[in-house]
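# Understanding the architecture of this molecule
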Amino acid sequence: MAELRTAALVGNPNAGKSALFNALTGARQKIANYPGVTVERKAGRLTLPSGEAIELTDLPGSYGLNATSPDEEVTRRVILGELPGEPAPQVLVVVLDASNLEQHLVFAQEVIALGRPTVVALNMVDLAERDGLVIDPAALADALGVPVIPTVAVRRRGLDELAAAIAVAEDRPAEHHRPHTTLTERRLTAHAIAEGAIVSETARHRMHAKLDRLFLHPWLGPLILFALLFVVFQAVFSWATPFADALEGGIGALSDLARAHLPEGLPRDLLTEGVLAGVGSVVVFLPQIVILFFFILAMEASGYMARAAFLMDRLMAGVGLSGRSFIPLLSSFACAIPGIMATRSITDSKDRLTTILIAPLMTCSARLPVYAVIIAAFIPNRAVLPGVGLQGLVLLGLYVFGIVAAMLVALVLRRSVTKGAASGFIMELPKYQMPRLGDLALGLWQRAWVFLRRAGTIIFIVTVALWILLNFPRAGEGENQVDASIAGKIANGLAVVVEPIGFNRDIALSLIPAMAAREVAVSSLATSYAVGADDEEEQAAELGERLKADWSLPTALAFLAWFVFAPQCMSTIAVTRRETNGWKWPIVMLLYLFGLAYVFAGLTYWGAVALGL
Amino acid sequence: MTLDLLPPGTRALITAVDWSALVAEEAARLQALGLDVGARVAVAHRGVFGGRDPIALTVGRMTVALRRAHARAMQVEAL
């Protein structure tokens, strides 16, 4: 065999592959996409006993080489070396859940039969022992004809042995290079092999059966889920406050420092008005995003997320979807991009398309900066009930508005453009597991990094470009800088279109750069007010104060309603195009969301005016 | 008896499956999860809010969620 450079983990979903991958490669992982598809490619470096490092990839979980979802399709094509631009991995590491041996051996046989260098990682042997299962790895290795290494990824057991086995994995005579056995034959073989390898099987005390009796209880289960979701959203807003305040203070201090030490002039203004006011107003939302992702990752890693999908299936079925759509939609509360990518696990294509189209209606974290600024400025901070503030209630209302709209849109879509047979719901409910803190921290770091990179690139560039458009040409004597600028002139044109729904010129101005990402609306408002400010004192005034002085309440409410719908996120459009293989569906998404945004902003504005607000 | 009528907690053997009653992808997914003729199953949980959907089955050491419509395609014999 040529020099060993690559290996890949393959196995059923819920075999503990990701935990094993984290344990083998550590924190230095590279996350990208497979060429031409949006399936996430996770790669890391695995150090062999010789000290040399090879690239280890974590392939999407699969039940077999006959793919039924886009995820499984990628796994099949990578293993068989059929994906252009992605050479087949030299060694295949089949990950088996020791406590679910019989089931996982079905796919394992298919992979082993390919005759490629293969090693089996018998994972989660500790959980199997807890369930009263004792397995003989040697007997399993004899039956399968490849080395079997017992591992416990979360406790770092068996990792060195596994790396050593990967280093010496050898070619074996292929069984005709493609398995010719039928599923039924493989299942019978799996049963026989498992039978032979299991040394003893005592009465299983299954903790997760007890937990399921509670979490899947027909009445208590949904109650617990809703209580949990309430805690999640509460935490996102209250836990994040001190961190957000600290970040805001830090950015303010930097801005003051720049003002005090740099000579007055355009470069200083670019730094304070453009970079710090713009990018800073977005970065302060990092704590909220991290907290939301913490709960989502913990729910996924613990096995609870699949239960949530089970509980939500009934409700989702009401609008023609299934419980499977719940996971992508919940992720979309953090960001629609991972949400839309998570729809790949939905087998039914009509179901998947509907979920993709409504995902942007879930209030993503990018909308939080917009909502938070407007609510803080226009909604009085008073208690409606003890412990329930009006501001929080309005925010909750915006979330509910988005959810209800999504459900109604799904209902309409399932009866029109995505009409088809009622979709089903088939899903494995994995065993409960205590999430490992290290794995959670790694996942959080990866998400936080994506957000900061966005703030540092797209948002930075757009904010600076806007600042330049706002500052040139320079205003003459007695003329306002924003009025004189190129950006001001463009906004004047757009203002004609949005005036009927109560938007002013400043809003029109902020909507253009916000096409890149919604949170840019806030940084653009901050930048344009900072540029338009007449003196230093006004320039330093908080954005909220400026808005309160310049906007009417109906305008502010219309602005909120606009952002419930407006698809102002280039990344979402791009990911929708890739996931649906064409421009048709992203264009449908853009048109229907902008249409709804315009109508609802208008209704809100004129309704509020009629009520005398 | 079809699987959707099996009382919770009763163990049963799948004796026949009417695959033609199911969409091809769903049939493949059910088979991949081990729901096929000869499998021993039990209904662990059924329904939310008093409804009869979805159903959680134990198959070997796995728990699998599906809908009543899928379960109706499977003939079972209580053990």
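Values in this document were obtained by computation on a predicted structure and should not be read as measured data. (Residues numbered from 1 in each chain as written. Chains lettered and ligands numbered in written order. Predicted model: local features only at pLDDT ≥ 70, side-chain atom pairs only at ≥ 80, totals over all residues. Heavy atoms only, no water.)

### Section: the overall build of chain A
Within chain A one finds 28 helices and 12 strands. The C-alpha atoms of chain A give a radius of gyration of 27 Å, which matches the 25 Å a tight globule of 613 residues would have. By its C-alpha atoms, chain A is 90 × 55 × 45 Å across when sized along the principal axes. The proportion of buried residues among the 613 residues of chain A is 56%. The long-range share in chain A, meaning contacts at least 24 apart out of those at least 6 apart in sequence, stands at 74%. Summed over its atoms, the accessible surface of chain A is roughly 25,700 Å², and 64% of this surface lies on carbon and sulfur atoms. (Helix = DSSP H or I, 4+ residues; strand = E, 2+ residues; numbered from the N terminus. Rg over C-alpha atoms; globule rule 2.2 N^0.38 Å. Buried < 20%, exposed > 50% of the residue type's maximum accessible area, 1.4 Å probe, protein only. Contact = heavy atoms within 4.5 Å. Areas by Shrake-Rupley, 256 points an atom, 1.4 Å probe, with all protein chains shown as cover.)

### Quick notes on the pattern of salt bridges
Residues and elements named next belong to chain A. Overall, the coordinates contain 19 salt bridges over all chains when judged by the stated rule. Note that E579 is salt-bridged to R352, the shortest N-O span being 2.5 Å. Taken as a pair, E579 in helix α27 (residues 570-580) and R352 in helix α16 (residues 349-358) lie far apart in primary sequence, 227 residues in all. Neither residue differs from the other here; E579 and R352 are each classed as buried. A network of salt bridges, in which partner residues are shared, links D71, R344, R352 and E579. (Salt bridge = Lys/Arg side-chain N within 4 Å of Asp/Glu carboxyl O.)

### Some points on the UniProt feature "transmembrane region" (unreviewed entry) in chain A
Residue and element names in this part refer to chain A. The positions UniProt marks with the feature "transmembrane region" (unreviewed entry) are residues 214-237, 275-297, 355-379, 391-413, 451-470, 556-575 and 587-608. For residues 355-379, the end-to-end C-alpha separation is 33 Å, with 64% helix and 0% strand making up the annotated structure. Structurally, residues 391-413 is divided into 100% helix and 0% strand, and its ends, taken at the C-alpha atoms, are 33 Å apart. (UniProt positions renumbered as here; feature names shortened; annotations may be inferred.)

### What about the nonpolar core?
Soluble, globular proteins show a tendency: their nonpolar side chains are buried together. Membership of the largest hydrophobic core comes to 122 residues, with the highest contact counts inside it found for F310, I358, F503, L547, W551, F559 and W562 of chain A. I358 of chain A has contacts with L321, L329, A406, V409, A410, L413 and Y592 of chain A, leaving out every residue within four places of it along the chain. (Core = buried A, V, L, I, M, F, W, Y, C linked by side-chain atoms within 4.5 Å.)

### Description of the pairing of strand β1 (residues 11-17) of chain B
All names here are of chain B. Relative to strand β2 (residues 40-46), β1 is paired through three bridges, and the arrangement is antiparallel. When the sheet's bridge partners are listed, A12 is paired in β2 with V41. Two elements, β1 and strand β5 (residues 74-78), share five bridges in a ladder whose sense is antiparallel. The residue bridging L13 from the neighbouring strand is E77, located in β5. (Pairing = 2+ DSSP bridges.)

### Side note on unusual backbone geometry
A cis amide bond links F472 of chain A to the next residue, P473 of chain A, at an omega of -10°. Here P473 of chain A lies in the loop between α19 (437-471) and α20 (481-484). Going from D53 of chain B to P54 of chain B, the amide bond is cis rather than trans, its omega being -15°. Along the polypeptide, P54 of chain B turns up in the loop between β2 and β3 (55-59). Residues other than glycine seldom take positive phi values, yet M124 of chain A does so here, at roughly 60°. Its location among the elements puts M124 of chain A in the loop between β6 (118-123) and α4 (125-130).

### Description of the interface of chain B and chain A
Residue-level contacts link 28 residues of chain B with 38 residues of chain A. Between chain B and chain A the total buried area reaches about 3,100 Å² when both faces are included, carbon and sulfur atoms providing 58% of it. Of all residues in chain B, R29, R61 and R67 of chain B give up the largest surface area on contact with chain A, accounting jointly for 29% of the area buried on that side. Counting across the interface, chain B meets chain A through two salt bridges. (Buried area = accessible area lost by both parts, 1.4 Å probe.)

### With respect to the packing of helix α23 (residues 520-532) of chain A against helix α25 (residues 543-550) of chain A
Residue and element names in this part refer to chain A. Put simply, α23 and α25 touch, their axes get as near as 10 Å, and they point 80° apart. For the element pair α23 / α25, the angle class is roughly perpendicular. For the pair α23 and α25, the contacting residues are V522, L525, A526 and Y529 in the first and L543, R546, L547 and D550 in the second. Per-class residue counts for the contact of α23 with α25 are six nonpolar, no polar and two charged. (Axes fitted to C-alpha atoms, helices over the stretch in contact; angles between N-to-C directions. Parallel < 35°, antiparallel > 145°, perpendicular 65-115°, else oblique. Nonpolar A, V, L, I, M, F, W, Y, C, P; charged D, E, K, R; others polar.)

### A short note on empty space enclosed by the protein
Residue and element names in this part refer to chain A. Under the definition given, this model contains one cavity of 30 Å³ or more. One number sums up the size of the largest cavity: a volume of about 40 Å³. Along the walls of the largest cavity sit L229, V232, F233, L292, F295, I296, M299 and L330, which together make up its complete lining. For the lining of the largest cavity, the elements supplying multiple residues, two or more each, are α9 (220-238) and α12 (286-302). Counting residues per element, the lining of the largest cavity draws most heavily on α12, which supplies four residues. Considering only residue class, the lining of the largest cavity consists of eight nonpolar, no polar and no charged. (1 Å grid on protein atoms, 1.4 Å probe; cavity = no way out; pocket = protein on both sides within 12 Å on 5 of 7 lines; lining within 4 Å. Points joined across faces, edges and corners; volume = space filled by probe spheres on them.)

### A short note on the sheet that holds β5 of chain B
The strand order across the open sheet formed by six strands is β12(A)-β4(B)-β3(B)-β2(B)-β1(B)-β5(B), and the pairing between neighbours is antiparallel. Each of the sheet's edge strands pairs with one partner strand only, and the pair in question is β12 (427-429) of chain A together with β5 of chain B. On average, each strand axis in the sheet is inclined to that of its neighbour by 40°, with strand direction left out of account. Here β2 of chain B runs beside β3 of chain B; their pairing, made up of five bridges, is antiparallel. Bridge pairing links H45 of chain B to A56 of chain B in β3 of chain B. The strands touched by helix α13 (residues 304-317) of chain A within the sheet are β12 of chain A together with β2, β3 and β4 (62-66) of chain B, with β12 of chain A carrying the most contacts at an inclination of about 130°.

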